[in-house]
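# Notes for the structure review
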Amino acid sequence: MTRKRALVAASYCGTALACAGVAHILQWPAWLTGLLCAVLAMLVPAWRLSQERTEAARRQEQTQAFVQRLLDVIPEPVYIKDEQGRYTLINEAFAHRRNQNASTIIGRTAAELAPDPDTVKLVSDEDARVLAGATVYKEDRVRNPLTDEIQYRIVTKGACLNAEGQRVIIGANFDITGMRVAELQVQAALKHQTAVAEHTHTFIQHILDVIPYPMYVRDAQSRYQIVNAAFVQERALPREEVIGLSPMDLAPDTPQARRSMEEDRAILAGSSLQKEEGGQHPATGELYFQRVIKGRCTDSGGKPVIVGVNIDITELRSSELKLTTALEQQREHHQHTLEFVQRVLDLLPYPVYVKDAQSRYLMVNEAMARDHFMRREQLIDHMGLTESASPDLVRKLFEEDGAVLAGERILREDHGQHQYTGRETFRIISKGTCANALGEPVIVGAIVDLTDLRLAERELKSAFEREVQLRERTQEFLQRLIDVIPDPFYVKKAGGLYLMVNDAFANYHGVSKQQIVATGLPTNNRPATRMQSSQEDQEVLAGREVFKEEHTSRETTGEEVFRIVCKRRSVYFDGQPVVVGIDHHITQWRVAERELQRLAQEDALTGLSNRRHFHTEAAHAIARAKRYSEALSLLMLDLDHFKQVNDSWGHQVGDEVLVETVRRIRKSLRNTDIPARWGGEEFIVMLPHTATREAMQVAERLRQHLAETPIITSAGGLAVTVSVGAVQWLRDEPLAHLVSRADAALYRAKEEGRNQVVML
């Protein structure tokens, strides 16, 4: 504006100066010169102002045409309205959307164009708010008046000043129908897919539930995603309490949980797992065996998961164990039988042997080994022929053995040379056939050597020396043989003198074998034991066998010993009767049986009798009370609000409360009283020799003992109270009825406010 005013002033000055110059040249009068200057000064600026207005109007038309072209490029409806709501500028998309020409819309208001009064009011209210300074940005759902289709659009409005400084409304409607329709279609497809996934998951769950073995699916964090019914039944937990948890969550800081997590990491790394494991079942405590199989796959979302199944093979392994034990017993019995037969054969002074159908020795006695100048082991599974044996001798041997197997009995005297010594021999050869323990035909033979009778005088001294040497070797071999036996083994003669003992016998008594044979066992053992052993030895020498189980303690260490004592009569080398004995140590099996019996009778957490054992003890107590007409009472206890302890502090703290409660109960009872864990937080106590008044005193003492002092746990001190129901046994009243009455009394104590004793 300042520049324009300067130009006007300059124009006025220039015109005045020009007029003055012309008037001076023409020598006009002064008034004429003044009038001319005034007229010219007014005409020139007016002409210039008209020119400028024309140029401004032209530029405004160009600007408005540019803005119109700019708006027409926008594919969505855009418009400008004045303060009266009249459309002053619209783009082609706006006119096309209304199916009208721009000329029929410009200058008209929404009231003239809107299809209904509600729309008119809505548009008017929005325009008023926009002119007041607000902005409008919303999503609108309308029906197209031309196609009657539902449309979705973003409506935006705002206000600004136009070139003349007047407030105008600028608005735009962006059609998002395609996007919203696609979104709705995607939502519908997602809903359908979700339903299909849920049905698929349910179907998979039904398939898994049919599998009789525990099966599960865990994610990459080892959290359970799917478990079947067998898994839930084995864990004794609702499915909802398992899903989303890991083995470490279900069994914190246990070796099994840590091992399972390590296995999962290995599975996710690409390995697979198939193993067999056994032990005590975590829920039942019983011995179990299972086949654990784990593998890796991807779920429907492409994420890696771990699929596992635990196949119960307890019955198979138990049957296998029984069969193995039975087989081992049969083998042991068979071995003992063979040893007995071997001992019998060894008592025979002449060679005796057993051969198979291929003429190979299966058994030989000591005399046979001596006759062949070999150890027994060298003859077994061989024919006993020398390398220099002639073909005729071999053929004759096979023919003779074949005839025996065919049923012929051979008994003949043979005169010839000994095949090993070459000396002259006189022998009686005896051969026959029978079936062995497996039903296979074998040849049993005996060789009675008459040579010593023929050459007795000549060979007496040398035969005696050989016999002594052979006996020593035989005794050494027999000593080595019995040293292999892992249990204490001994040979005694009359008077309790030991002739032979093995290493296990010497080690058990802590004395050397030489000392035992020379002087016997130390005399510091129990006199009653020595007397009993001596009496048994006399009975065995008289022909009776001893087979018994003993429970004693080891004299050297005092440790507990279970053993099976077996004694039999036999004949020693010198022909004297001897006692042959063996002590089978079964301590580890008996200790294991005793521990299993204890676990079957006690509650694992508290150490009290379980319900089954309580029934047995209570039945005995009732029988005694009935027999001797004694008083008998029963207490039923229940910890008040114990569920809140588990819910608030966890089962670990709950277990601590139960253990401390049992300790206080034991402290308040006599040794003759019979406490037991009835189930959960319920306990039951049988009070022998106790009538109603004494039972009330015991129950009240228990209640006060628990209520007076908080129980210290890992979560701090917890106040615990107990409700008690007490009843006295009625003569001839069954145990089940007595327990039912005690339970009714406990129920009344709960109903009447807890932390009290009710006697019925």
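Bear in mind the structure is a predicted one, so any value in this text is a computation, not a measurement. Every chain is numbered on its own, with residues counted from 1 as its sequence reads. Local features in this predicted model are restricted to residues whose pLDDT is 70 or higher, and side-chain atom pairs enter the listing and the counts only when it is 80 or higher, whereas totals over whole chains, interfaces and linings include all residues. Heavy atoms throughout the structure, all of them, feed into the side-chain values; hydrogens and water do not.

### As for a nonpolar patch on the surface
Inclusion rule: Residues enter patches when they are more than 30% accessible in relative terms and free of salt bridges; like-charged ones are connected within 9 Å and nonpolar ones (Val, Leu, Ile, Met, Phe, Trp, Tyr) within 5 Å. Shrake-Rupley sampling with a 1.4 Å probe provides the accessible areas, and residues are treated as covered by the protein chains on show and by no other component. The salt bridge criterion pairs a side-chain nitrogen of Lys or Arg with a carboxyl oxygen of Asp or Glu, the two atoms within 4 Å. Each helix is a run of DSSP H or I of at least 4 residues and each strand a run of E of at least 2, with the numbering of both proceeding from the N terminus. Residue burial is assigned from relative accessible area. The probe radius is 1.4 Å, only protein chains are included, and a residue is buried under 20% of its type maximum, exposed over 50%, and partly exposed in between.
A surface patch of nonpolar side chains, about 280 Å² in accessible area, is lined by Phe203, Ile204 and Ile207. Among the secondary structure elements, Ile207 is positioned in helix H7 (residues 177–210). Assessed through its relative accessible area of 41%, Ile207 is described here as partly exposed.

### Some points on helix H23 (residues 642–649)
For clarity, the cut-off: In this description, one arc is meant: the one made by directions from the helix axis to the C-beta atoms. Throughout, a contact is declared for two residues whenever any of their heavy atoms are within 4.5 Å.
If you check which residues of H23 are buried, you get Phe642, Val645 and Asn646. One side of H23 holds all its buried residues, which, seen down the axis, span an arc of 95°. What points out from H23, more than 90 degrees from its buried face, is the exposed set Lys643, Gln644, Asp647 and Ser648. Of the surrounding secondary structure, the elements contacted by the buried residues of H23 are strand S21 (632–639), helix H24 (651–667) and strand S25 (716–718). At the exit of H23 stands Gly650, carrying a positive phi of roughly 100°.

### So, the pattern of salt bridges
Under the definition given, this model contains 51 salt bridges. In this structure, Lys294 and Asp264 form a salt bridge, with 3.1 Å as the shortest nitrogen-oxygen distance. Residue Lys294 is located in strand S9 (residues 287–298), and its partner Asp264 is located in helix H11 (residues 255–268); the two are separated by 30 residues in the primary sequence. On the basis of relative accessibility, which here comes to 4%, the residue Lys294 falls in the buried class. Look at Asp264 and you get buried, because its relative accessible area is 0%. Put simply, Asp638 and Lys750 hold a salt bridge, and the shortest N to O gap is 2.7 Å. Placement of the pair is Asp638 in strand S21 and Lys750 in helix H26 (residues 735–751), with a sequence separation of 112 residues. Each member of the pair, Asp638 as well as Lys750, is classed as buried. Here the salt bridges do not stand alone but share partners, grouping Lys492, Glu536, Asp537, Lys548, Glu550, Arg563, Lys567 and Asp583 into one network.

### A short note on the sheet that holds strand S23 (residues 682–688)
Which entries qualify depends on this criterion: Strand pairing is assigned whenever DSSP identifies at least 2 bridges connecting the two strands. The angle between two axes is taken between their N-to-C directions and runs from 0 to 180 degrees, where each axis is a line fitted to C-alpha atoms and a helix contributes only its stretch in contact.
The five strands lie next to each other as S22-S23-S21-S26-S27, forming an open sheet whose pairing is mixed. The two strands at the open ends of the sheet, each matched to only one other strand, are strand S22 (674–679) and strand S27 (757–759). This sheet shows a mean twist of 20° between the axes of neighbouring strands, independent of strand direction. On top of the sheet, helix H22 (residues 611–628) reaches S21, S22 and S23; it is set at about 140° to S22, its chief contact.

### Description of the pairing of strand S10 (residues 304–312)
Each regular strand displays side chains that alternate between the two surfaces of the sheet. Sheet topology places strand S6 (residues 215–218) next to S10; four bridges connect them, and they run antiparallel. Within the sheet, the bridge partner assigned to Tyr216 lies in S10 and is Gly308. Relative to S10, S9 is paired through nine bridges, and the arrangement is antiparallel. The residue bridging Val292 from the neighbouring strand is Asn310, located in S10. Between S9 and S10, which pair antiparallel and follow one another directly, the connecting turn spans five residues, one of which, Gly302, has a positive phi of 80°.

### Comments concerning the sheet that holds strand S11 (residues 352–355)
Spatially, the five strands line up as an open sheet ordered S12-S11-S15-S14-S13, and their pairing is antiparallel. Only two strands of the sheet have a single partner each, and these edge strands are strand S12 (361–364) and strand S13 (410–417). The average angle at which neighbouring strand axes cross in this sheet is 25°, direction not considered.

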